[in-house]
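# Structural overview
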Amino acid sequence: VLQCRNIFILPGVPEFFSQKIQNVAAYLSSQLERSAAYKVVLKVDEPAIVDILNEAVEKHPNVTFGSYPFVSHPDYKTVVTLE
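This write-up is about the structure you can find in this document. (Residues numbered from 1 in each chain as written. Predicted model: local features only at pLDDT ≥ 70, side-chain atom pairs only at ≥ 80, totals over all residues. Heavy atoms only, no water.)

### Remarks on the overall build of the protein chain
- Within the protein chain, the regular secondary structure consists of two helices and five strands.
- In the protein chain, the succession of α and β elements from N to C terminus is β-β-α-β-α-β-β.
- Looking at the 83 residues of the protein chain, the share that counts as buried comes to 33%.
- Across the protein chain, the fraction of contacts at a sequence separation of at least 24, relative to all contacts at a separation of at least 6, is 55%.
- When the accessible surface of the protein chain is split by element, carbon and sulfur atoms take 52% of a total near 5,500 Å². (Helix = DSSP H or I, 4+ residues; strand = E, 2+ residues; numbered from the N terminus. Buried < 20%, exposed > 50% of the residue type's maximum accessible area, 1.4 Å probe, protein only. Contact = heavy atoms within 4.5 Å. Areas by Shrake-Rupley, 256 points an atom, 1.4 Å probe, with all protein chains shown as cover.)

Structure representation (C-alpha cells):
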C-alpha cells in the first residue's frame, strides 16, 4: 500500500487487495478522530471485491463502508468510502 497524505494506492488484484484493505481499514479506524471520511478510488469492478469488503466490515465495526460502482467511467470502476 502506498500512501500520499490522504490518498492510498492499493493493488488491483483481488487477492492482494484483500490483504491490504484490512491494513488500511485498521489504520483508518485508528484515525477516525482526525478525519471524518476517506475515499478509495479503484480500477477494480465492485463484484471482484464484495467478499473482501464484507469481511472488512465485519472486522471493523467502528468504520462505516460504502461501495459505489461506476460502469462507464474511464479512470475508475469502484469508489469505496470509509467513515
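### Thoughts on the environment of E15
- Among the structural elements, E15 can be located in helix 1 (residues 14–30).
- Spatially, the C-alpha atom of E15 lies 8.8 Å from that of I52, the residues being 37 residues apart in sequence.

### Observations concerning the packing of aromatic side chains
- Under the counting rule described, the total for this entry stands at one aromatic pair.
- Taking 4.9 Å as the distance between ring centres and 85° as the angle between the ring planes, the aromatic pair formed by F70 and Y76 counts as edge-to-face.
- The exposure class of Y76 is partly exposed, given its relative accessible area of 21%. (Phe/Tyr/Trp six-rings, centres within 6.5 Å; stacked < 30°, edge-to-face > 60°.)

### Comments concerning the sheet that holds strand 4 (residues 65–69)
- Across the sheet, which stays open at both edges, the three strands sit in the order 3-5-4 with antiparallel pairing between neighbours. Of all strands in the sheet, those bounded by a partner on one side alone are strand 3 (38–42) and strand 4. Across the sheet, the axes of successive neighbouring strands diverge by a mean angle of 15°, strand direction being ignored.
- Sheet topology note: the strand 4/strand 5 (residues 78–82) ladder contains five bridges and is antiparallel. The residue bridging Y68 from the neighbouring strand is V79, located in strand 5. (Pairing = 2+ DSSP bridges. Axes fitted to C-alpha atoms, helices over the stretch in contact; angles between N-to-C directions.)

### Topic: the pairing of strand 5
- Most of strand 5 is tucked away: five of the five residues are buried.
- Side-chain alternation along strand 5 places T78, V80 and L82 on one buried face and V79 and T81 on a second face that is also buried.
- Where strand 3 and strand 5 come together, five bridges link them in antiparallel fashion. Among the inter-strand pairings, K39 is bridged to a residue of strand 5, identified as T81.

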